[in-house]
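Examination of the molecular architecture
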Amino acid sequence: MRRAAPTSRPLERNQPLNRSSLPRLRLGALAVATLLALNAAPVLGQSTTGSIFGQVPDARGDSVLIKSSTGISRTVTVDSHGHYNATELPLGTYAVSLLRGGNVVDTRNDISLRVGAGTDVSFEAARNLGAVNVTANATPAIDVTTVDSRTVITSQELASLPLARSAEAIALLAPGVVNNSGGYTGPTGQSLATFGGSSASENAYYINGFNTTEPQRGLGGLTLPYGAIEQQEIYTGGYSAQYGRSDGGVINVVGKRGTDEWHFGAQVLWQPEFAQANGTNTYYTNGLPASPIAGSLYDPNSKNREWTTTYDAYLGGPLIKDKLFLFLAAEASRQEGDTVNNVSSASPYVSYHYDLPKWYGKLDWNITDSNILEVTAASNKDETSGSIYNYDYSTLARGSFINDADNTKTGGNLYTAKFTSYVTDDLTFSALYGKMNLANYDVPGNYDSDLTYVTGTQNQNPAYLGGGSPIGNSQVTSSLYNPNRHDTTNNLRIDLSYQLGPHTLSVGIDNQNSRAIDQGSQTSGPGYYWDYAYTTTPTVALIPNLGVGAPANYPGGASGYYAIKYVDSSIASVRSAQRAQYIEDKWQLNDRWLLSLGLRNDQFTDYNADGQPYIRQRSAQWAPRLGFSWDVNGDASFKVYGNAGRYYLGLPLNPALNAAGAYVATQQYFTYSGIAADGTPTGVTAFSNPVSPNNTYGVLPDPKTVTAQNIKSEYQDEFILGFNKTLGEAWTYGAKLTRRVLRNGIDDYCDVATIEAKAAALGYDVSATNSCYLINPGRANTFTVVDTSGAYRSVTLSNAEFGFPQLKRQYDALETFLEHPFDGHWYGKIDYVLSHSYGDTEGQLRSDIQQTAASTSIDWDFPELMSYSNGAQSNDHRHQIKLFGYYQFTPEWLVSGNLSLVSGNPRNCLGFYGPNQTDPDGYGSYYHWCGGQPSPPGTHRLPWNKQVDVGVTYRPAFADHKLGLSLSVFNLFNSQAILNAYPYYQISPNTPDPLYGSAVVRQQPRFARLSATYDF
């Protein structure tokens, strides 16, 4: 996807919370190493290999020789039933030969593996052969060795299809995967995806088996240069006990490697400005603000322009033939443009450029035929800068220079090493270790600390404007960050696989440590900023329970205009440790039935800013994974499969920075009698103290009190039943039923007064300093509190005392597909998914309000916020139709297309609470009430998202088809459907919000991409 253009780092709307060469190893040595590793500090390593298996009729002590294009050679014995299996093979092209009496009697060439899958290479024709018979690869269309749900996209398909150059755009080809509804982006600006109704933060990312998921909030991860991707595996359910820490989906990228032949290539891509369609302007939809700047115009998106140029190159080949191989790839992309932000932005017009450098290197060393070492290094970064100008929204013309935009650097580097040893024909050992560093650098340009940030100027009292426009200033920086802000992750994974007759037994560990260093922010200028607001009922107290009275009772407030002073501060370093062990048996019952029996155990520990553990989930968290595959006809033409599994999800680092942190987030309300030249209010009179509905006054809570006692991890149960079947020799079709049920969640609870009241009823005198507590929503929780004598006391609240509904998130889906594998001429696939994602929680996030505070969302803070919360959740799309493919008309010409039709997700309406439109919790227009009427999520729907992308490629014969010229057009028909609508119905009770229902996120306008490629 094209990334969104920059803004002035917009604030979340008046939110009350900051959501924020070795010899062959001996078996004994391996056992010792594994036992030691079980206690080692510091993955989650997705598969980077495949397997080859098959049948040999009338086997008489035969064996099978498997040799790759990189010199890897393995010989495996055919068992008494005529079956053989070679596992943990690096991706590549293989020749598979049947040996009888030491002589080659049959060979299958050009066998290409798919990541995580088995490839059937059987030798039915070899039973009477006594000499070499070489044949081509004729593998069946259906893989009967897997029980999970996945889609694998190869480099050939990536080169053929019209796709945006991101891992998420590739993932959208998989059924049940949609673009997230919250407009969330990853560490390098890529738009994120959601899987099976889950939140965008509940996915996992991998590169060559290393977990690259951003650890603070779980929003995205690092990916590779597009041309360096060998295969991308998209898990949509049912994965084995070897993997966990995701209840959404998995994006697993396997990079290319060098072979015994040198290859190099280069590519230039250009997205020109002239081929970009105009965006759709955003207008006020529910009346006008007090002091409109340009009438009903809110955001002139039609004036946004951008253009992108990308250079890509790769080189791969042998440093030592059959022994040592190198592959290098680099990509340099620059996006430039001009963005006109909305009329209330402190950065009206931004002329910017993004530099997105990527590089990838892989070294493969065949130490011996039995020992392989792989070293990977990769980098994926985003560096931005620009200039900010004034803008005349009436004439739509750029004005004078204001300031430099922030200089930012995000993304980072990773380094990994993986050792694989084929100890015997039956025993394989592998170990992977790696480190990743993610920068989060953000430093303002020419920052003026004497200016106060001002927002909401369209709500200023027009009586103080003298008939003129709203007054602001040149302060474009709302928050300040530590330049050292970054995240780190290190991972260790050790696996043993043993073939014991029909059993493939696996055991291993999966450990990960993460740190967030100097994360958080503080308010710019004098340490606070001003936000203007107004109410049409000035004689009514705004938030009585917080002591925020009626503006009319104070000087200058009779007309209902007031200003809010916000103070925010939170900078800290925190960490987490996640451990897991697993055991699994893939049991080939007979030639038609395969059982997969797995058990995983996860443990999670999280530490606060003082290095103290505030959550320990070290007791057994058993996650069974049970699956089967039935080869109905015994010829891989009809497969019935099923899977049932439990998936645990550890906390991201985010809660350690707020619920377990010493952060400040207060608001103080003022009336005013004038507006200064810098846009700040003058003649102010406070009509509240600094208040916080969440008790966020900068006190680090006792770590023993942060969470409910014996708090359980978030986990989900999943059930899958499906079939795949061939249709003739050229087609495959199938269907699948999926049910996902979220059994437990973790979120914060902020009704401290209720806990104190229950403690008082039990005879305890307590006064909590906690801002919020982490709980398991929808059930009873027991809190640890400290009384005035310093003693710890236990206070239990039942779910009825909380006033909460039961936690609920369920996803049901029926998926069907029809596929035509590539036959040398064309490839095509169509998917249809009928699904429903419903309940009273989306999970870790709230996409409808674009809340990024994973596991500390606005949900469950107070019971009133969960009133009428049950309904269709933000990522609920009832219908999804995907059709993509390509046609090779001649060796020179190829055309391709990608069609996506997705029904709209819910359009929510949030307002003040109850029929009387009150604000019992100080959260403003965040309740599931709309104009005094209940408003469950899903009451209204957004329009369908319709996208057609097309491409054409010309590879002329005079260049031996090594030169490729391509044109791709994205969103051909320029559909610009609303993907997220502004949900807030009111500014204050009985005062409509002019933006209600307007577009917050839209489908991207049409654009085109030209490219020239040369491969040699």
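Residues numbered from 1 in each chain as written. Predicted model: local features only at pLDDT ≥ 70, side-chain atom pairs only at ≥ 80, totals over all residues. Heavy atoms only, no water.

1. Points about the overall build of the protein
- A count of helical and extended segments in the protein gives five helices and 59 strands.
- Here the C-alpha coordinates of the protein stretch approximately 105 × 70 × 45 Å along the principal axes.
- Counting only residues that meet the buried cut, the protein has 61% of its 1016 residues in that class. (Helix = DSSP H or I, 4+ residues; strand = E, 2+ residues; numbered from the N terminus. Buried < 20%, exposed > 50% of the residue type's maximum accessible area, 1.4 Å probe, protein only.)

2. Some thoughts on helix α4 (residues 752-761)
- Inspection of α4 places V752, I755, K758 and A759 among the buried residues, and these make up the whole buried set. Buried residues of α4, viewed axially, fall in a sector of 130°; they line one side.
- Of the residues one or two after α4, G763 is the one with positive phi, at around 90°. (Arc of directions from axis to C-beta.)

3. Re unusual backbone geometry
- For Q917, which is not a glycine, the phi torsion comes out positive at approximately 55°.
- Tracing the backbone through its elements, the reader meets Q917 in the loop between β50 (893-902) and β51 (929-930).
- With a relative accessible area of 12%, Q917 lands in the buried category.
- Notably, D960 is not glycine yet its phi reads approximately 60°, a positive angle.
- Position of D960 relative to the elements: it lies in the loop between β53 (945-954) and β54 (963-970).

4. Some remarks on the nonpolar core
- Counting 42 residues, the largest nonpolar core has I170, V177 and I234 as the members making the most contacts within it.
- Looking at this core, the elements with two or more residues in it are α3 (167-171), β11 (193-195), β12 (204-207), β14 (229-237), β15 (250-255), β20 (324-340), β25 (427-443) and β49 (879-888). (Core = buried A, V, L, I, M, F, W, Y, C linked by side-chain atoms within 4.5 Å.)

5. Topic: the state of the cysteines
- The full count for this structure, using the stated rule, is two disulfides.
- Disulfide pairing places C750 opposite C772 at an S-S distance of 2.0 Å. Around the S-S axis, the bridge from C750 to C772 shows a dihedral of about 100° and counts as right-handed. Here C750, found in the loop between β42 (747-749) and α4, pairs with C772, found in the loop between α4 and β43 (773-775); they are 22 residues apart in sequence, far enough to count as distant. Comparing C750 with C772 shows no difference in burial state: the two are buried.
- The partner cysteine of C909 in its disulfide is C930, sulfur to sulfur 2.0 Å. Residues C909 and C930 are joined by a disulfide whose S-S torsion is about 65°; by sign, that bridge is right-handed. You can see C909 sitting in the loop between β50 and β51 and its partner C930 sitting in strand β51, a full 21 residues away along the chain.
- Residue classification places C909 among the buried positions, given a relative accessible area of 1%. (Disulfide = S-S within 2.5 Å.)

6. Some details on the sheet that holds β12
- Strand order in the open sheet formed by five strands is β9-β14-β15-β12-β13, with mixed pairing between adjacent strands. Each edge of the open sheet carries a strand with a single partner, namely β9 (149-154) and β13 (210-211). (Pairing = 2+ DSSP bridges.)

7. With respect to the packing of aromatic side chains
- Following the criterion strictly, the structure yields 50 aromatic pairs and no others.
- The interplanar angle of 70° and the centroid separation of 6.0 Å between the aromatic rings of F783 and F802 together place this pair among those described as edge-to-face. Here F783 is found in strand β44 (residues 781-786), whereas its partner F802 is found in helix α5 (residues 799-802), with 19 residues between them in sequence. Judged on exposure class, the residue F783 and its partner F802 are both buried.
- Through successive ring pairs, a cluster of aromatic residues spans Y749, Y773, F783, F802, F804 and W860.
- The ring of Y314 is capped by K256, whose NZ or CZ atom sits 5.7 Å from the centre of that ring. (Phe/Tyr/Trp six-rings, centres within 6.5 Å; stacked < 30°, edge-to-face > 60°. Lys NZ or Arg CZ within 6 Å of the ring centre and 35° of its normal.)

8. Some remarks on the environment of H353
- Its place among the elements puts H353 in strand β21 (residues 349-368).
- With a relative accessible area of 23%, H353 lands in the partly exposed category.
- Sequence separation between H353 and D840 is 487 residues; the distance between their C-alpha atoms is 41 Å.
- At a separation of 3.5 Å, a polar atom in the side chain of H353 contacts the side chain of R334.
- Separated by 3.1 Å, the side chains of H353 and S385 make a polar contact. (Polar contact = N/O pair within 3.5 Å; in protein donor to acceptor, adjacent residues only side chain to side chain.)

9. So, the confidence of the model for the protein
- When pLDDT is averaged along the protein, the result is 90; 94% of the residues meet or exceed 70.
- The low-confidence segment residues 1-45, where pLDDT is below 50, has 163 contacts with residues more than four positions distant or belonging to other chains.
- Across residues 126-140, confidence stays below pLDDT 50; counting only partners more than four residues off in sequence or on other chains, it has 32 contacts. (pLDDT = per-residue confidence, 0-100. Contact = heavy atoms within 4.5 Å.)

10. A short note on the sheet that holds strand β1 (residues 49-55)
- Reading across the sheet, the three strands line up as β4-β1-β7 and stay open at both edges, with mixed pairing between neighbours. The sheet terminates laterally at β4 (83-90) and β7 (118-120), the two strands that pair on one side only. Within the sheet, the average angular offset between the axes of one strand and its neighbour, ignoring direction, is 20°.
- The pairing of β1 with β4 spans six bridges and is classified as antiparallel. The partner of I52 across the bridge, within β4, is A86. (Axes fitted to C-alpha atoms, helices over the stretch in contact; angles between N-to-C directions.)

11. Observations concerning the environment of V706
- Of note, V706 is situated in the loop between β39 (685-686) and β40 (714-727).
- According to the relative accessible area criterion, V706 is buried, its value standing at 1%.
- Placed 69 residues apart in sequence, V706 and I775 show a C-alpha to C-alpha distance of 9.1 Å.
- With residues up to four places along the chain from it excluded, the contact list for V706 reads Y614, A659, A660, P701, N770, C772, Y773 and L774.

12. Some remarks on the pattern of salt bridges
- Using the criterion set out here, one finds 34 salt bridges in the structure.
- Salt-bridge contacts for R165 lead to E331; the nearest nitrogen and oxygen are separated by 3.0 Å. With a gap of 166 residues between them, R165 in the loop between α2 (155-160) and α3 and E331 in strand β20 connect regions that are remote in the sequence. For the pair shown, R165 and E331 are each scored as buried.
- Its salt-bridge partner being D717, residue R646 comes within 2.7 Å of it at the nearest N-O pair. Here D717 lies in strand β40 and R646 lies in strand β35 (residues 638-649), a separation of 71 residues in the sequence. (Salt bridge = Lys/Arg side-chain N within 4 Å of Asp/Glu carboxyl O.)

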